[in-house]
Amino acid sequence: MMQVVQLMMVDCKQAVNLLIQNRDLIAPSEVVSQLLNTRNKCDSRYFLHLYLHSLFEVNPHAGKDFHDMQVELYVEYEPKMLLPFLRSSQHYTLEKAYEICDRRDLLREQVFILGRMGNSKQALAVIINELGDIEEAVEFVTMQHDDDLWEELIHQCLHKPEMVGVLLEHTVGNLDPLYIVNMVPNGLEIPRLRDRLVKIITDYRTETSLRHGCNDILKADCVNLSVKYYNEAKRAVCLSNEEDDARSKRDASRASQVITPSVRNMEVKSKTRGGGRCCMCFDPFSIQNVSVVVFFCCHAYHTTCLMESTETNSTNKKGTGGPSEGLYEYEYEEEQEDDNGSEAGGPRMRCILCTTATS
Ligand SMILES: [Zn+2]
Ligand SMILES: [Zn+2]
């Protein structure tokens, strides 16, 4: 049986390293129980702290059974490390930890625990009334993404003129300063109010000009992307079947020296997906004498197949079209044959694969 306590007494740092490195051989629970049950009380709690702290740094989950104990140990030996520990561990009991921090007057730790408990109003009250740190309060409320909490913040500040002042300085992007000004009771003297109002206005100017700048950038991006999109959409879609493809490849390799004006030399967006076959019935287009529809997504269909499935789809989910419906609508263009011209005036066609697939 290892004598953990004795090792620690010789050189606690090296002993801790040794125990951490060999934590697979000597389980943390074994080390902890030896340290807790030693008759030699000396510094065993401090050793325990050192060990659990190092263990937590190596693996935050390895000593999770002792995290409640660790809260007490941090308070005792290294209060500064408590908050980082509280933030990164998921294994301590919130109520117990809160009780300890409350007893020791550890305010920021209390705020954090209350926040994690979901008790953000009480947390805010601790920040405002005990820490008296309005900037932290603003930061806290910003992090919580809860509009009611802003109300709470204003209400809790109203009887503290200095805090109202600081609050006014932090409104940009969060609060309407006019709203706060209206809430302030008559006769309340707010220090440096003039300077603060000037700052608010300057901040708003800066924000407005920033937004204008962003809008300009956005517009330019829209134009550039539209141009790019248009250029993409202008390109041809090659509608060949696989046998033709293979033959032309053979021809091309045979006559590699001779430059022939073929489809290959022109700007072709891409071939239809499904290699010259209808995406509904998978027949090659060449074997049916039916007109063909190709969408910009490179899916191609027999007009007849597309009409059939559009009809069944529209009866199945009538009126379920979301706001994005229009995105996938393409004008029906007559191609190749025009013996199906009667459908040209019908409803807009859309690619079945791209509108029904969830991807
Ligand atoms: Zn088909
Ligand atoms: Zn498609």
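The sections below set out a description of the structure shown in this document.

The rules behind the values
Residues numbered from 1 in each chain as written. Chains lettered and ligands numbered in written order. Predicted model: local features only at pLDDT ≥ 70, side-chain atom pairs only at ≥ 80, totals over all residues. Heavy atoms only, no water. Donors = N, O, S within 2.8 Å, 3.2 Å for Na, K, Ca; no water. Tetrahedral: all angles 85-135°; square planar, octahedral: opposite > 155°, others 65-115°. Buried < 20%, exposed > 50% of the residue type's maximum accessible area, 1.4 Å probe, protein only. Phe/Tyr/Trp six-rings, centres within 6.5 Å; stacked < 30°, edge-to-face > 60°. Helix = DSSP H or I, 4+ residues; strand = E, 2+ residues; numbered from the N terminus. Core = buried A, V, L, I, M, F, W, Y, C linked by side-chain atoms within 4.5 Å. Contact = heavy atoms within 4.5 Å. Salt bridge = Lys/Arg side-chain N within 4 Å of Asp/Glu carboxyl O.

The subject of this paragraph is the coordination of the zinc ion (ligand 1). Distances from the zinc ion (ligand 1) to its protein donors, Cys-278 (SG), Cys-281 (SG), His-302 (ND1) and Cys-305 (SG), fall within 2.1 to 2.3 Å. Coordination at the zinc ion (ligand 1) comes from 4 donor atoms whose angles at the metal span 99 to 116°, giving a geometry best classed as tetrahedral. Here the donor residues of the zinc ion (ligand 1) share one chain and are spaced in sequence as C-x2-C-x20-H-x2-C. On the accessibility criterion, His-302 (0% relative accessible area) is buried.

With that out of the way, let us pick up the packing of aromatic side chains. In the structure shown here, the tally under the stated rule is 5 aromatic pairs. Aromatic pair Tyr-74 and Phe-85: ring centres 5.0 Å apart, planes at 40°, arrangement tilted. Placement of the pair is Tyr-74 in helix H5 (residues 67-77) and Phe-85 in helix H6 (residues 82-88), with a sequence separation of 11 residues. Judged on exposure class, the residue Tyr-74 and its partner Phe-85 are both buried. Among the aromatic residues, those joined into a ring-pair cluster are Phe-56, Tyr-74, Phe-85 and Tyr-92.

Counting 45 residues, the largest nonpolar core has Leu-82, Leu-86 and Leu-153 as its most contacted members. Listed by contribution, the elements that provide at least two residues to this core are H5, H6, helix H7 (94-103), helix H8 (107-117), helix H9 (120-131), helix H10 (134-144), helix H11 (147-157) and helix H12 (161-169). For Leu-153, the residues in contact, after removing those within four places along its chain, are Leu-124, Ile-128, Ile-134, Ala-137, Val-138, Val-141 and Leu-167. If you look at the next biggest cluster of nonpolar residues, it comprises 20 residues, including Ala-15, Ile-20, Leu-35 and Leu-73.

Applying the stated criterion across every chain, the model contains 13 salt bridges. Note that Arg-108 is salt-bridged to Asp-133, the shortest N-O span being 3.9 Å. Placement of the pair is Arg-108 in helix H8 and Asp-133 in the loop between H9 and H10, with a sequence separation of 25 residues. What makes Arg-108 partly exposed here is its relative accessible area of 36%. Salt bridges sharing common partners tie together Glu-162, Glu-169, Arg-192 and Arg-196.

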